[in-house]
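One letter stands for each residue in the lines below.
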Amino acid sequence: MGAWRIMSRGGRRYGRPRAPGAAALLGTLILGGLAPPAAHAQELPRATPAEAGFVSGRLERIGTLLDDYVADGRLPGAVVTVLRDGAVVYEHATGFADLEARTPLETDAIFRIASQTKAIVSVAVMILQEDGALLISDPVGRYLPAFAETTVAEPLPDGGYDVVAARRPITVRDLLTHTAGIAYGMGGPGADRWREAEITGWYFAHRDEPVRATVDRMGSLPFQAQPGERFVYGYNTDILGALVEAVSGQTLEAFLHSRIFEPLDMRDTHFYLPPEKRDRLATVYNRRMPGELVRARDGEGMDAQGQYVDGPRTSFSGGAGLLSTARDYARFLQMMLDGGTLGDARILSPASVALMTSNHVGDLYAPGMGFGLGFSVRLDLGEAGEPGSLGDYGWGGAYHTTYWADPLERLVMVYFTQVIPAAGLDDHRKLRVLVYGALRGS
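Each value, and the rule that gives it
Residues numbered from 1 in each chain as written. Predicted model: local features only at pLDDT ≥ 70, side-chain atom pairs only at ≥ 80, totals over all residues. Heavy atoms only, no water. Pairing = 2+ DSSP bridges. Helix = DSSP H or I, 4+ residues; strand = E, 2+ residues; numbered from the N terminus. Axes fitted to C-alpha atoms, helices over the stretch in contact; angles between N-to-C directions. Left-handed = near helix turned anticlockwise from the far one by under 90°. Contact = heavy atoms within 4.5 Å. Nonpolar A, V, L, I, M, F, W, Y, C, P; charged D, E, K, R; others polar. Core = buried A, V, L, I, M, F, W, Y, C linked by side-chain atoms within 4.5 Å. Buried < 20%, exposed > 50% of the residue type's maximum accessible area, 1.4 Å probe, protein only. Salt bridge = Lys/Arg side-chain N within 4 Å of Asp/Glu carboxyl O.

**Focus on the sheet that holds strand 6 (residues 161-165)**
Right, on to step 1. Read from one edge of the open sheet, three strands run 6-5-7, paired in mixed fashion. Edge strands, defined here as strands with exactly one partner in the open sheet, are strand 6 and strand 7 (222-223).
Right, on to step 2. Judged from the two bridges that link them, strand 5 (residues 151-155) and strand 7 form a sheet pairing that is parallel. Of the residues in strand 7, the one forming a bridge with Thr151 is Pro222.

Next up, the structure:
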């Protein structure tokens with residue numbers, strides 16, 4: 001395939017809204033032409049693994065591993081993409097987009113990326129900071145009044161809980177770092193109130209209401225911890241999505257499209273799939289036991305196929321709502337690795353990228369790992385206990401997708417599959433071993 005290897009089967013102005021109609025007016029001004037035309041990034045170049053500093057033949061072990069997992073019934077299918085120095089050096093698609101129909105999975109398949117949405121929305125917040133529209137040190141209540149005064153459910157010895165006032169306002173930075181104390185409403189003190197409000201879990205595609213309406217209801221519910229006290233994974237980035245809408249005057253979909261997807265040519269990244277692309281959407285499977293994959297049925301909540309094609313198309317979930325391809329997400333990560341630019345398209349400054357990929361939470365997250373503004377960050381190789389580099393950053397999604405970017409090795413890895421739950425699978429860890437084990441070294 002030429003010089004690369006592919007393995008495949010088959011002045012802007014913002015202001016703080018002062019009145020109910022101000023945000024909408026502001027969005028009209030932006031959409032009306034104050035924003036400059038977007039610069040588009042070019043297609044990523046290709047290189048052979050050997051040209052990019054890998055031992056010849058070693059990256060192909062990834063394909064062998066994933067092929068075996070499909071043959072053994074551990075995965076329905078998967079797509080993996082590896083970049084180095086901004087070039088695509090390895091791609092592999094294996095298995096099936098639909099097991100029952102025996103539809104081969106191709107490298108351009110579209111996947112539900114769930115929490116990989118968070119990194120993109122975190123970048124959107126940093127764009128707004130660079131625009132002068134907000135500071136991440138600002139209280140969230142300045143933009144979303146429902147969060148001006150929040151509460152915390154504190155457990156009691158008898159198993160009950162008290163609802164107390166938060167000791168300080170939640171900031172935008174608290175949301176970016178998941179230290180606002182906001183969970184997914186499914187357990188812990190106060191979970192009964194979240195269930196009564198019908199706000200639990202990360203799935204939003206079935207909601208026939210704007211995300212702002214859902215988020216505003218969250219503000220009156222008790223949270224799991226005091227701001228800044230603990231790392232609590234939950235609705236933080238969904239709240240940030242509503243904040244982006246409030247500050248920009250646009251829907252989250254419109255903002256992401258104009259400021260990130262279009263400039264980066266992320267042509268297949270959507271909240272809701274255009275009908276003409278529905279045949280490229282990979283099917284979700286439940287892993288019930290080793291070797292048994294069962295098609296997730298509609299109506300099973302977060303385990304369902306999801307209403308990403310035929311649903312109400314109303315709620316834009318900043319925490320888990322996007323669909324994408326390995327190609328598109330690799331372009332997004334390469335932009336981050338290149339200091340906020342991809343080709344002629346500039347999304348962020350190098351200073352903002354450095355801030356996002358630094359640890360902001362001390363030792364609140366995990367051994368050897370910190371957390372930045374939307375990404376986990378590797379701090380200590382020995383404590384983390386797996387191959388990588390100091391400063392590599394990444395995350396994953398509920399459907400068993402994952403990614404990382406490594407500034408030291410100038411490396412990006414994107415891995416997409418659609419399995420939930422995926423307990424017992426070790427493919428993520430093995431991918432790290434195989435990618436780093438393939439590097440030639442200095």
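So, next bit.
**Digging into the packing of helix 3 (residues 117-130) against helix 7 (residues 236-248)**
Right, on to step 1. Between helix 3 and helix 7, the least distance of the axes is 10 Å, while the angle of their chain directions is 35 degrees. Seen along the crossing, helix 3 lies across helix 7 with a hand that is left-handed. On helix 7, the residues touching Lys118, Val121, Ala124, Val125 and Leu128 of helix 3 are Thr237, Leu240, Gly241, Val244, Val247 and Ser248.
Right, on to step 2. A class-by-class count of the residues in the contact of helix 3 with helix 7 yields seven nonpolar, three polar and one charged.

**Comments concerning the nonpolar core**
Right, on to step 1. With 104 residues, the main nonpolar core has Leu256, Ile260, Tyr329 and Phe332 as its most contacted residues.
Right, on to step 2. Considering every element that reaches this core, the biggest residue donor is helix 3, with nine residues.
Right, on to step 3. Once you skip the residues sitting within four places of it in the chain, Ile260 turns out to touch Ile120, Val123, Ala124, Ile127, Phe255, Met266, Phe332 and Ile347.
Right, on to step 4. Counting residues in hydrophobic clusters, the runner-up holds 33 residues, among them Leu66, Leu293, Trp404 and Tyr415.

**Comments concerning the pattern of salt bridges**
Right, on to step 1. Under the defined criterion, the tally for this structure stands at 27 salt bridges.
Right, on to step 2. Two residues, Asp138 and Arg142, come together in a salt bridge whose shortest N-O distance is 3.1 Å.
Right, on to step 3. We classify Asp138 as buried; its relative accessible area is 5%.

**Here we look at the side chain of Asp98**
Right, on to step 1. As for its position among the elements, Asp98 is in strand 2 (residues 87-98).
Right, on to step 2. Given a relative accessible area of 13%, Asp98 falls into the buried group.
Right, on to step 3. Not counting the four nearest positions on each side in its chain, Asp98 is found in contact with Thr103, Thr283, Tyr285 and Arg295.

**Notes on unusual backbone geometry**
Right, on to step 1. The omega torsion of the bond from Ile420 to Pro421 falls at -5 degrees, within 30 degrees of zero and hence cis.
Right, on to step 2. For Asp85, which is not glycine, the phi torsion reads 55 degrees and is therefore positive.
Right, on to step 3. Mapped onto the secondary structure, Asp85 falls in the loop between strand 1 (77-84) and strand 2.
Right, on to step 4. We classify Asp85 as partly exposed; its relative accessible area is 47%.
Right, on to step 5. Positive phi is not limited to glycine here, since Arg102 has a value of about 55 degrees.
Right, on to step 6. By the secondary structure assignment, Arg102 is in the loop between strand 2 and strand 3 (103-104).

Fair warning: the whole summary comes from geometry, so function is off the table for now.
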